[in-house]
Amino acid sequence: MTRAGEWKDFALLLTGQSVSQVGSSMTSFALVLWAYSSTGQVMASSLLAVCSTVPYLAVSLFGGAVVDQADKKKLLLLCDAAAAFGTCVILLCSMAGILKLWILCAVNILSGLMNAFQKPASDVAVTLLVKKSGYARAGGIQSSVSSFTGILTPILAAALLGLGGLPLVLAIDLGTFAFGFLTLLFLVKIPDSTGKKERISFHEVCGGAAEGVHFLQKEREIFLLLALYSVLEFAGAISFDSMYSPLILARTGNDQLAVGIVSSFMAAGCVAASLLLTFTKQRKNKLSAMYLGSFLCLAGIALFGTGRSLTAWCLIVFVGCFGSPIYQTYQSVILREKVDVTMQGRIFSLQGMMTGILTPLGYVTGALLADKVFEPFMRGSGRKIKFLVWLVGEGEGAGMGLIFLAAGLLGMVVLAVVGGRMKDVSPSPRQSDLI
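What counts as what
- Along each chain, numbering runs from 1 in the same order as the chain's sequence is written.
- In view of the model being predicted, local features appear only for residues whose pLDDT reaches at least 70, and side-chain atom pairs are presented and counted only at 80 or more, with totals across whole chains, interfaces and linings using the full set of residues.
- Only heavy atoms go into the side-chain values, all of them from the structure, while hydrogens and water stay out.
- Strands here are runs of E lasting at least two residues and helices are runs of H or I lasting at least four, both read from the DSSP assignment and numbered beginning at the N terminus.
- Residues count as neighbours in contact if any of their non-hydrogen atoms are within 4.5 Å of one another.
- For helices, the axis comes from a line fit to the C-alpha atoms of the stretch in contact; other axes are also lines fit to C-alpha atoms, and the angle between any two N-to-C directions lies between 0 and 180 degrees.
- Orientation labels follow simple angle bins: below 35 degrees gives roughly parallel, above 145 gives roughly antiparallel, 65 to 115 gives roughly perpendicular, and whatever is left gives oblique.
- Crossings are assigned a handedness: left-handed for a near helix turned anticlockwise from the far helix by less than a right angle, right-handed for a clockwise turn.
- Amino acids outside the nonpolar list (Ala, Val, Leu, Ile, Met, Phe, Trp, Tyr, Cys, Pro) and the charged list (Asp, Glu, Lys, Arg) are all regarded as polar, and Gly is one of them.
- Residue types Ala, Val, Leu, Ile, Met, Phe, Trp, Tyr and Cys, when buried and joined through side-chain atoms within 4.5 Å, form a set referred to as a nonpolar core.
- Here the term buried applies to any residue with accessible area under 20% of the maximum for its type, exposed to any over 50%, and partly exposed to those in between, with areas from a 1.4 Å probe on protein chains only.
- For this document, the term salt bridge refers to a Lys or Arg side-chain nitrogen within 4 Å of an Asp or Glu carboxyl oxygen.

A. Examining the environment of Val188 more closely. Relative to the helices and strands, Val188 is located in the loop between helix H5 (135-186) and helix H6 (202-218). When the C-alpha positions of Val188 and Leu129 are compared, they lie 9.7 Å apart, and in sequence the two are 59 residues distant. Leaving out residues up to four positions away in the same chain, Val188 has contacts with Asp9, Leu12, Leu13, Lys73 and Thr183.

B. Seen up close, the packing of helix H3 (residues 72-96) against H5. The interhelical angle for the contact between H3 and H5, taken along N-to-C directions, is 160°, at an axis separation of 10 Å. Put simply, H3 runs roughly antiparallel to H5. Handedness of the H3/H5 crossing: left-handed. Each of Lys73, Leu76, Leu77, Asp80, Ala81, Ala84, Thr87, Cys88, Ile90, Leu91 and Ser94 in H3 lies in contact with H5, whose residues at this interface are Leu166, Pro167, Leu170, Asp173, Leu174, Phe177, Phe181, Leu184 and Leu185. For the contact of H3 with H5, a count of residues per class yields 15 nonpolar, two polar and three charged.

C. Molecular detail of the nonpolar core. Counting residues in each nonpolar core, the largest one holds 73 residues, and the members touching the most others are Phe10, Val130, Ile190, Met290, Tyr330 and Ile347. The element that contributes the greatest number of residues to this core is helix H4 (residues 101-129), accounting for nine residues. Those residues in contact with Ile190 that sit more than four places away from it in its chain are Lys72, Lys73, Leu76, Ala125, Leu128, Leu129 and Leu184. With 24 residues, the next largest nonpolar core counts Val22, Leu48, Ala84 and Leu174 among its residues.

D. Molecular detail of the pattern of salt bridges. If you walk through the whole model with that rule in mind, you get seven salt bridges. As a salt-bridge pair, Glu375 and Arg379 come within 3.5 Å of each other at their nearest N and O atoms. You can see Glu375 and its partner Arg379 sitting in helix H12 (residues 344-379), four residues apart, about one turn around the helix. On the accessibility criterion, Arg379 (44% relative accessible area) is partly exposed. A single salt-bridge network, built from bridges that share partners, covers Asp68, Glu211 and Arg346.

Here it is as structure tokens:
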């Protein structure tokens, strides 16, 4: 197979999924705005997030078991069709003037259920389509595309809402779905790693989920890798992910432009690292690369809390976000090499569950600590510690800065401890290598 042929199906799959994702992301953005403007309540948009997250978490591990035993292409097509059905329902209700919040919640429940199957199926499909030597490059390409679409989606959605309102956004979403669906159906060839022709029974799915848990009990390296992933996700959620904007606003007198500038440097760091991964050769020592990316992320979190100028924040977030694609890509590379393709759906689903649980938990915990503990502590003149004031400053935002510093430093301690217990991972043979 030629080098171009080796990447053909991956490129087609990524193109179709990315175009479809742009439409889906624009719809999500537009529906949040519609829910808030229609009800005047922030709880409305939060309810939409809950309705998509809870079903995902409820069936995620079972979804991974189904992915491992089903044809990945057929499963992706089914999930896409279900998502398009939900979009059609919203479009028809909107055009008829009967769109209600409960309808959006019902569609989001369907979307959450489908995501529990679609995300791991997509991850495993990449494993089947790309050779081992190309995992890091594939991750870099995916990260680059994700970064660019993430930047463009809100702008496109806002422009389309201004031109034709919600129905126009939904119609374009259906158009992008059609492109992605037809590309996958007629042009992408995903090897069937299961060889099964009969239907999957409920007993097989439950047994497969139990096998996934048993696998982690036996594979200490994979368990430690996911444990490290959990710590890094929580460290980011409790600090940077939820509070970088409030911290900047508190320390700049509510300067919204500063938040926008820092956000741009965040995106630039992610794009720069993604391009580096795309155009450089995959490293032999994957753990070292993953640790480097992890360290940059955690150091960025810690240093961001000590920053007190726009220049410092921009430099810090560029370096910190530069580490994020490196960490995420090489962590996925290790999982793809170490875990047999017949088990990867369950492992990627478990990873998604961790993110789904730890991210909102971190958001709530960080907010409570900032409002009830750290901000009042740093404002109390009789209780301040001079060393802490020297590190994170004083006044509004100092308490949040202290949370950032503590989260980053504790994360680096955990990284050192877990890293000391892990050795470089040698890949296990994969069924897809024989295809």
